[in-house]
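Take a look at the letters that make up each chain.
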Amino acid sequence: MIGILPLQEALRLARAQGLDLVELQPNADPPVCGIMDLGKYLYELKTKAKEIKKKQHTTNVREMRFSMKINENDYQVKLKKIKEFLAERTRVRVLLPLRGREVLHKNLAMNVIQRLVEDLKDYATTEGAPKVSGEGRQIIQIMLIPK
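Numbering of residues starts from 1 in every chain and runs along the sequence as written. Only residues with pLDDT of at least 70 get local features here, since the model is predicted, and only at 80 or more are side-chain atom pairs given and counted; chain-wide, interface and lining totals rely on the full set of residues. Processing note: side-chain calculations cover all non-hydrogen atoms of the structure and skip hydrogens and water entirely.

**Considering the pairing of strand β2 (residues 32-36)**
Then, in step 1: Where strand β1 (residues 20-25) meets β2, 5 bridges bridge the pair, whose relative direction is antiparallel. Residue pairing for β2: Val22 is matched across the bridge by Gly34.
Then, in step 2: Between β1 and β2, which follow one another and run antiparallel, lie 6 residues. Only strands that DSSP links by at least two bridges are regarded as paired with each other. Strands here mean DSSP runs of E at least two residues long; helices mean DSSP runs of H or I at least four residues long; both are numbered from the N terminus.

**Here we look at the environment of Val61**
Then, in step 1: As for its position among the elements, Val61 is in strand β3 (residues 61-65).
Then, in step 2: The buried label applies to any residue whose accessible area, calculated with a 1.4 Å probe on protein chains only, is under 20% of its type's maximum; exposed applies above 50%, and partly exposed to all values in between. Residue classification places Val61 among the partly exposed residues on the basis of a relative accessible area of 38%.
Then, in step 3: Residues count as neighbours in contact if any of their non-hydrogen atoms are within 4.5 Å of one another. In contact with Val61, not counting residues within four places along its chain, are Thr90, Arg91 and Arg93.

**With respect to the pattern of salt bridges**
Between side chains of opposite charge, pairing is possible as soon as their charged atoms come close.
Then, in step 1: Salt bridges are identified by distance alone: a Lys or Arg side-chain nitrogen within 4 Å of an Asp or Glu carboxyl oxygen. Under the counting rule described, the total for this entry stands at 9 salt bridges.
Then, in step 2: With its nearest N and O atoms 3.8 Å apart, the salt bridge here joins Glu102 to Lys69. Separated by 33 residues along the polypeptide, Glu102 in the loop between β4 (91-97) and α4 (106-119) and Lys69 in the loop between β3 and α3 (72-87) bring together distant segments of the chain.
Then, in step 3: Overall, Glu102 belongs to the buried group, its relative accessible area being 10%.
Then, in step 4: Between Glu72 and Arg115 there is a salt bridge, and its shortest N-O distance comes to 2.8 Å. Highlighted residues: Glu72 in helix α3 and Arg115 in helix α4, separated in sequence by 43 residues.
Then, in step 5: Look at Arg115 and you get partly exposed, because its relative accessible area is 35%.
Then, in step 6: Each of Glu63, Arg65 and Arg93 takes part in a single network of salt bridges with overlapping partners.

**Structural notes on the packing of α3 against α4**
Then, in step 1: Contact pair α3 / α4: the axes reach a minimum separation of 11 Å and the direction vectors enclose 45°. The pairing of α3 with α4 is recorded here as oblique in orientation. Seen from above, α3 lies across α4 with right-handed handedness. Within the contact between the two elements, α3 uses Glu72, Tyr75, Gln76, Leu79 and Ile82 and α4 uses Arg115, Leu116 and Asp119.
Then, in step 2: In this classification, the charged set is Asp, Glu, Lys and Arg, the nonpolar set is Ala, Val, Leu, Ile, Met, Phe, Trp, Tyr, Cys and Pro, and all remaining amino acids, among them Gly, are polar. Residues belonging to the contact of α3 with α4 are distributed by class as follows: 4 nonpolar, 1 polar and 3 charged. Inter-axis angles, ranging from 0 to 180 degrees, are taken between N-to-C directions of lines fitted to C-alpha atoms, where helices are fitted over the stretch in contact. With respect to orientation, any angle under 35 degrees is reported as roughly parallel, any angle over 145 as roughly antiparallel, any angle of 65 to 115 as roughly perpendicular, and every other angle as oblique. By the definition used in this description, the sense in which the near helix is turned from the far one sets the handedness, with an anticlockwise turn below a right angle giving left-handed and a clockwise turn giving right-handed.

**A look at the environment of Arg65**
Then, in step 1: Take Arg65: it is sitting in strand β3.
Then, in step 2: Considering only alpha carbons, one finds Arg65 and Arg93, 28 residues apart in sequence, at a separation of 8.5 Å.
Then, in step 3: Apart from the residues lying within four places of it in its own chain, the contact partners of Arg65 are Lys78, Leu95 and Pro97.

**Digging into the packing of aromatic side chains**
Then, in step 1: Paired rings are identified among Phe, Tyr and Trp, the last through its six-membered ring, by centres lying within 6.5 Å, and are further divided according to the angle between planes into stacked (under 30 degrees), edge-to-face (over 60) and tilted (the rest). What the rule picks out here adds up to 1 aromatic pair.
Then, in step 2: Looking at Lys78, its charged tip hangs above the ring of Phe66, at a distance of 5.6 Å from the centre.
Then, in step 3: Two limits define a charge over a ring: the Lys NZ or Arg CZ must be within 6 Å of the ring centre, and within 35 degrees of the ring normal. The aromatic ring of Tyr75 is capped on one face by Arg115, whose charged end is 3.9 Å from the ring centroid.

Below is the structure:
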């Protein structure tokens, strides 16, 4: 720590050591600068950013769309696919869009969602109750992976 110096004197000190004058905190009053090798400093920042990125855990969310008038075979195929997603430790978002006059019969759509939740209770837990969104045009249920 040298203290507060005029810009020209700080540049002269940096050049005398064969290093660069780097502004570390430009918003501080007065700005904080350091005498260092800029290339090495940037390399260290890049490697720190890579290490942080490696340690981050990203969650994958897969989406499955159902219909209110779904056939039993189609339901079983989609149920099997959701089980595969859950086996891969992936979250699944279930969407049930309501078209036309189906909006008037939300209770039938909720029955499909409740049946799905019941069939998957051994494989996943749910994140809250089903939500109605988009001016009542679709019902969303988010499933979580098991513990």
